[in-house]
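Examination of the molecular architecture
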Amino acid sequence: MSVVKTLGQFIIEKQKDFPYAKGELSRLLRDIGIASKIVNREVNKAGLVDILGEIGTTNTHGESQKKLDVFANEQFISALTCGGECCIIVSEENDDAIYIESEVSQNAKYIVAIDPLDGSSNIDVNVGVGTIFSIYRRKSLDGKATLQDALQKGVDQVAAGYVVYGSSAMLVYTTGKGVNGFTLDPSIGEFCLSHPDMTIPKDGYIYSINEGNYGHFPQGVKKYIKYCQVMDEETHRPYSSRYIGSMVADLHRNMIKGGIFIYPTTASAPNGKLRLVYECNPMAFIIEQAGGRATDGFERILDKEVTSLHQRSAIFLGSENMVLKAEELMKEHSPEIGRVIDIQSASSLDSDASKVGNL
Ligand code: P6P
């Protein structure tokens with residue numbers, strides 16, 4: 001008889017992996033799981049309840065906010081604020097960091113960066129959307145947590161995960177010791193372990209990129225797309241092109257089947273479109289823990305300097321050998337981008353640590 005293991009049971013069981021942890025990270029992950037179940041309930045009935053459509057406001061990036069965006073953001077902020085383990089929240093939906101200074105959060109040690117409902121432009125057409133989260137321990141030792149606590153490099157994450165609200169709701173997360181996936185069983189209202197020790201195949205045959213931007217792509221990306229399309233039986237090419245337009249859904253498919261997801265620099269997004277702190281870094285942590293690779297075409301995502309909350313980055317992530325091939329073509333055909341990144345990284349290293357600006 002298969003034994004059902006819930007997310008809560010799994011978290012407690014794995015707590016022994018962290019001798020310093022006294023249960024705070026476990027409670028934080030459980031708080032996120034609870035908020036995800038509430039968001040899933042609303043996403044699942046979005047077509048039936050009047051919370052579709054836009055509310056006339058825009059988020060920090062000038063993107064129109066849909067009611068479910070705002071609802072999801074409120075759910076996660078509420079759960080994290082009440083849980084008492086979180087001292088700062090960084091959200092795609094909020095221009096500034098949210099400092100939690102309630103009685104219950106006095107000894108809170110964790111920073112949570114979150115994209116509460118990624119891919120929300122797909123909500124009205126019933127395509128998979130998701131939540132992405134990233135967790136850090138504060139580095140400041142006393143007093144109030146500071147903005148620098150929220151601007152840590154991706155390599156310093158203590159946990160990261162995503163929830164994909166698709167044909168079923170799945171929560172996938174890592175604490176740096178592998179990746180595990182949990183599927184929501186609505187009959188008991190629990191996320192249950194369904195994908196233990198997830199790994200992404202070293203090779204894949206799916207490439208995921210918005211080819212509508214082809215004219216604006218760097219030469220190296222254009223060369224990689226053409227490489228994917230060449231007829232070559234030995235290397236299973238041409239690959240399949242799959243692009244959902246929801247990073248969580250595209251990445252989750254690649255986690256299961258293998259593949260590469262690319263959002264490079266384009267004319268309208270000279271630094272890339274996806275946000276480093278709450279999209280690229282958490283997904284890169286998960287992909288690396290699953291045996292994949294994540295760079296901006298040149299530099300490891302998790303090593304990138306973080307200088308602002310909503311800074312953007314190009315991203316190439318997925319099956320290791322596919323990302324390596326794309327990087328090879330970027331180095332050969334778009335080396336200038338690599339040089340710009342080197343200069344930015346060098347200037348960030350030299351700059352005053354307290355300086356905060358946009359890349
Ligand atoms: P485009 C959704 O808005 C998102 O942030 C990611 O989930 C997705 O991968 C990307 O943007 C899609 O962007 O420009 O292809 O529509």
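Residues numbered from 1 in each chain as written. Predicted model: local features only at pLDDT ≥ 70, side-chain atom pairs only at ≥ 80, totals over all residues. Heavy atoms only, no water.

1. Some words on helix H5 (residues 219-229)
To keep things clear, this is the line we draw: The cut-offs for exposure are 20% and 50% of the maximum accessible area for each residue type, with area from a 1.4 Å probe on protein chains only; residues under the lower value are buried, those over the upper are exposed, and the others partly exposed. Here a helix means four or more residues in a row that DSSP labels H or I, a strand means two or more in a row labelled E, and each is numbered from the N terminus. Contact between two residues is taken to exist if any of their heavy atoms lie within 4.5 Å; hydrogens are not considered.
Turning to H5, its buried residues are Gly 220, Val 221, Lys 222, Tyr 224, Ile 225 and Cys 228. As for H5, its buried residues are in contact with strand E11 (206-208), strand E13 (260-263), strand E15 (315-318) and helix H8 (320-333).

2. Things to note about the site of the ligand
Note the threshold: One heavy atom suffices: a residue is near a molecule or strand as soon as one of its heavy atoms comes within 4 Å of it. For the purposes of these results, a polar contact is taken to be a pair of N or O atoms within 3.5 Å, where, inside protein, one atom must be able to donate a hydrogen and its partner to accept one; residues adjacent in sequence count only when each atom of the pair is a side-chain atom. The Shrake-Rupley method, run with a 1.4 Å probe sphere, supplies the accessible areas, and residue values consider only the shown protein chains as cover.
Neighbouring the ligand are Asp 118, Gly 119, Asn 210, Tyr 243, Gly 245, Ser 246, Met 247, Phe 261, Tyr 263, Lys 273, Leu 274 and Glu 279. Between an oxygen atom of the ligand and a side-chain N or O atom of Asn 210, the distance comes to 2.9 Å. The backbone of Met 247 places a nitrogen or oxygen atom 2.7 Å from an oxygen atom of the ligand. Relative to its unbound accessible surface of 400 Å², the ligand loses 81% to contact with the protein.

3. Quick notes on the packing of aromatic side chains
Note the threshold: Here is the rule: rings of Phe, Tyr and Trp (six-membered ring for Trp) pair when centre to centre is within 6.5 Å. Planes less than 30 degrees apart are stacked, more than 60 are edge-to-face, and the remainder are tilted. Whether a charge lies above a ring is judged from NZ of Lys or CZ of Arg, which has to be within 6 Å of the ring centre and within 35 degrees of the ring normal.
Under the definition given, this model contains eight aromatic pairs. Here Phe 10 and Phe 182 contribute two aromatic rings whose centre-to-centre distance is 5.1 Å and whose plane-to-plane angle is 70°, an arrangement assigned as edge-to-face. Linking Phe 10 in helix H1 (residues 7-14) with Phe 182 in strand E9 (residues 179-185), this pair joins segments that are 172 residues apart in sequence. Of the residues examined, Phe 10 reaches a relative accessible area of 5% and is grouped as buried. Each ring, one from Tyr 227 and one from Tyr 239, has its centre 6.4 Å from the other, and the planes form 75°; the classification is edge-to-face. Here Tyr 227, found in helix H5, pairs with Tyr 239, found in the loop between H5 and strand E12 (240-241); they are twelve residues apart in sequence, far enough to count as distant. The exposure class assigned to Tyr 239 is buried, which follows from its relative accessible area of 12%. Each member of the aromatic cluster is reached from another via a ring pair, and the members are Tyr 205, Tyr 224, Tyr 227 and Tyr 239. Here the guanidinium or amino end of Arg 237 rests over the ring plane of Tyr 227, the centre of that ring lying 3.8 Å away. Positioned over the ring face of Tyr 227 is Lys 325, at 4.9 Å from the centre of the ring.

4. Describing the domain arrangement of the protein
Stated formally: A domain assignment, automatic or from a database, supplies the domain bounds used here. Each of two parts loses accessible area, computed with a 1.4 Å probe, when they are put together; buried area is these two losses added. Between Lys or Arg on one side and Asp or Glu on the other, a salt bridge is scored when a side-chain nitrogen of the former is within 4 Å of a carboxyl oxygen of the latter.
Looking at the assigned domains, one finds that the protein contains domain 1 (7-195) and domain 2 (206-350). Taken together, the contact pairs 49 residues of domain 1 with 33 residues of domain 2. Contact with domain 2 buries surface across domain 1, with Leu 151, Lys 153 and Tyr 162 losing the most and accounting together for 20% of the total. The salt bridge partner of Glu 305 is Lys 153, with a shortest N-O separation of 3.3 Å. Inspection of the region where domain 1 meets domain 2 yields 14 residue pairs in polar contact (both at pLDDT 80 or more). For the side of domain 1 that touches domain 2, the elements supplying multiple residues, two or more each, are strand E3 (86-91), strand E5 (110-118), strand E6 (129-137), helix H4 (147-150), strand E7 (159-165) and strand E8 (169-174).

5. Observations regarding the side chain of Glu 85
You can see Glu 85 is positioned in the loop between helix H3 (67-83) and E3. Of note is the side chain of Glu 85, whose polar atom sits 2.6 Å from the side chain of Arg 27. For Glu 85, the residues in contact, after removing those within four places along its chain, are Glu 24, Arg 27, Leu 28, Ala 108, Lys 109 and Tyr 110.

6. Notes on the nonpolar core
So the rule is basically this: Side-chain atoms within 4.5 Å link the members of a nonpolar core, which is a set of buried Ala, Val, Leu, Ile, Met, Phe, Trp, Tyr and Cys residues.
In this structure, Val 90, Tyr 162, Met 255, Met 283, Ile 315 and Leu 317 are the most contacted members of the largest nonpolar core, which totals 44 residues. For this core, the leading source of residues is helix H7 (residues 276-289), giving nine residues. Counting residues domain by domain, this core receives three or more from each of domain 1 (7-195) and domain 2 (206-350). Among residues more than four places away in sequence, those in contact with Leu 317 are Met 247, Leu 251, Gly 259, Ile 260, Phe 261, Met 283, Ala 284, Ile 287, Arg 293, Ala 294 and Val 323. One finds Ile 32, Ile 114, Ile 123 and Leu 171 within the second-largest nonpolar core, a separate group that totals 38 residues.

7. Topic: the sheet that holds E15
Here is the rule we go by: A strand pair is defined by DSSP finding two or more bridges across the two strands. Only the stretch in contact is used when fitting a helix axis, every axis being a line fitted to C-alpha atoms; angles between N-to-C directions are given from 0 to 180 degrees.
In spatial order, the strands read E12-E11-E13-E15-E14; together these five strands make up an open sheet with mixed pairing. Bordering the open sheet on either side are E12 and strand E14 (293-295), each of which pairs with just one other strand. Inspection of the sheet shows E11 paired to E12 by two bridges, in the parallel sense. What sits directly across from Ile 206, in E12, is Ser 240. Across the sheet, helix H6 (residues 247-257) is in contact with E11, E13 and E15; its angle to E11 comes to roughly 165°. Lying on the sheet, H7 is in contact with E14 and E15; it crosses E15 at an angle near 30°.

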